[in-house]
Amino acid sequence: MPTHAGADQERYLLKYLRVHRHCVNVIGGDQQVRDFLGAKGLPKCADALGLHQAIDLAGPRRVTVAESKGTDMDSAVVQLGNAAAGVYEKFGIATTNTLLVLVPRLVERPHGSLSPGHGYRAEPLKTGRDKFNLQESMGGVPFPARPKVTYPEWAKWSDRVSLLSITVIVRNE
């Protein structure tokens, strides 16, 4: 059960998908996302899916997979990865998956970089204010964080999912 602040942030995420990402159908809540994707059991899964066209529309899909987090980016990369794999499983390889993680803030580290959580940094993107590329940074040269698929039934999508980048959005409200 999310804390009050966590629930507020999840509501903000759903609104963000509708208003800023122009999603016509938003599925919110990790259990609802699991149900929509047909996951069995309780695998780690993203908090929300935003579909950019009607569910019954023919043709390739555009889907935004989104997760609301505090600082646990290790968990976020798994939740996003599993949900992205589920989207490919449901809609096929022609689907365009965009991965987002919403955080309440970034912390400035001593060497000047910004971080959403331990072991990660946020590299500013040129596509908008408060948008960053999630990078792994454990003391060496930072590299793009890659989503991970841990749900066995969707493991066949691991290679495809690992090519996706993760955008960090900072809650701005």
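Structure shown above.
Now for a quick tour of the structure. Everything numeric here is computed off the predicted structure, so don't read it as measured data.

By the definition in use, this model includes 3 aromatic pairs. Arranged with centres 6.2 Å apart and planes meeting at 45°, the rings of F36 and F91 form a pair that is tilted. Here F36, found in helix α2 (residues 30–37), pairs with F91, found in helix α3 (residues 73–91); they are 55 residues apart in sequence, far enough to count as distant. Considering the side-chain rings of Y151 and W154, the 4.6 Å spacing of their centres and the 75° angle between planes classify their relative orientation as edge-to-face.

To continue, consider the side chain of D47. As for its placement among the helices and strands, D47 is situated in the loop between α2 and β2 (48–51). One buried charged residue, D47, remains without a salt bridge, the closest side chain of opposite sign being K69 at 6.1 Å. Polar contacts involving the side chain of D47 include one to the main-chain amide nitrogen of S68, which spans 3.0 Å. Excluding residues that lie within four positions of it along the chain, D47 makes contacts with E10, L13, I27, G28, G29, D30, V33, A66, E67 and S68.

Our next topic: the pattern of salt bridges. Under the criterion given, the structure shown has 7 salt bridges. Note that D8 is salt-bridged to R11, the shortest N-O span being 2.3 Å. Placement of both D8 and R11 in helix α1 (residues 4–19) is noted, with a separation of 3 residues, approximately one turn of the helix. For E89, the salt bridge goes to K156, with nearest N and O atoms at 3.4 Å. Residue E89 is found in helix α3, and its partner K156 is found in the loop between β9 (143–144) and α4 (158–161); the two are separated by 67 residues along the sequence. The exposure class assigned to K156 is exposed, which follows from its relative accessible area of 61%.

With that out of the way, let us pick up the nonpolar core. Counting residues in each nonpolar core, the largest one holds 38 residues, and the members touching the most others are L37, L49, V65, V101, L134 and W154. Among the elements of the structure, α2, β2, β3 (62–68), α3, β4 (96–103), β7 (120–124), β8 (131–136) and β10 (166–170) are those that each provide at least two residues to this core. In this structure, V65 is in contact with A46, A48, L49, L80, A83, A84, V87, N97, T98, L99 and L100, ignoring residues within four places of it in sequence. Y16, L17, A48 and L102 belong to the second largest nonpolar core, which has 11 residues in total.

Here we come to the pairing of β3. Buried residues dominate β3, accounting for 6 of its 7 residues. When β2 meets β3, the two strands line up antiparallel, connected through 4 bridges. Along β3, the bridge assignment pairs L51 with V63. Summarising the sheet, β3 and β4 pair through 7 bridges and their orientation is parallel. Within the sheet, the bridge partner assigned to S68 lies in β4 and is L102. Handedness of the β3-α3-β4 crossover: right-handed.

Definitions and limits used
Residues numbered from 1 in each chain as written. Predicted model: local features only at pLDDT ≥ 70, side-chain atom pairs only at ≥ 80, totals over all residues. Heavy atoms only, no water. Phe/Tyr/Trp six-rings, centres within 6.5 Å; stacked < 30°, edge-to-face > 60°. Helix = DSSP H or I, 4+ residues; strand = E, 2+ residues; numbered from the N terminus. Buried < 20%, exposed > 50% of the residue type's maximum accessible area, 1.4 Å probe, protein only. Lys, Arg positive; Asp, Glu negative; His and termini not counted. Salt bridge = Lys/Arg side-chain N within 4 Å of Asp/Glu carboxyl O. Polar contact = N/O pair within 3.5 Å; in protein donor to acceptor, adjacent residues only side chain to side chain. Contact = heavy atoms within 4.5 Å. Core = buried A, V, L, I, M, F, W, Y, C linked by side-chain atoms within 4.5 Å. Pairing = 2+ DSSP bridges. Right-handed = clockwise from strand over helix to strand, strands pointing away.

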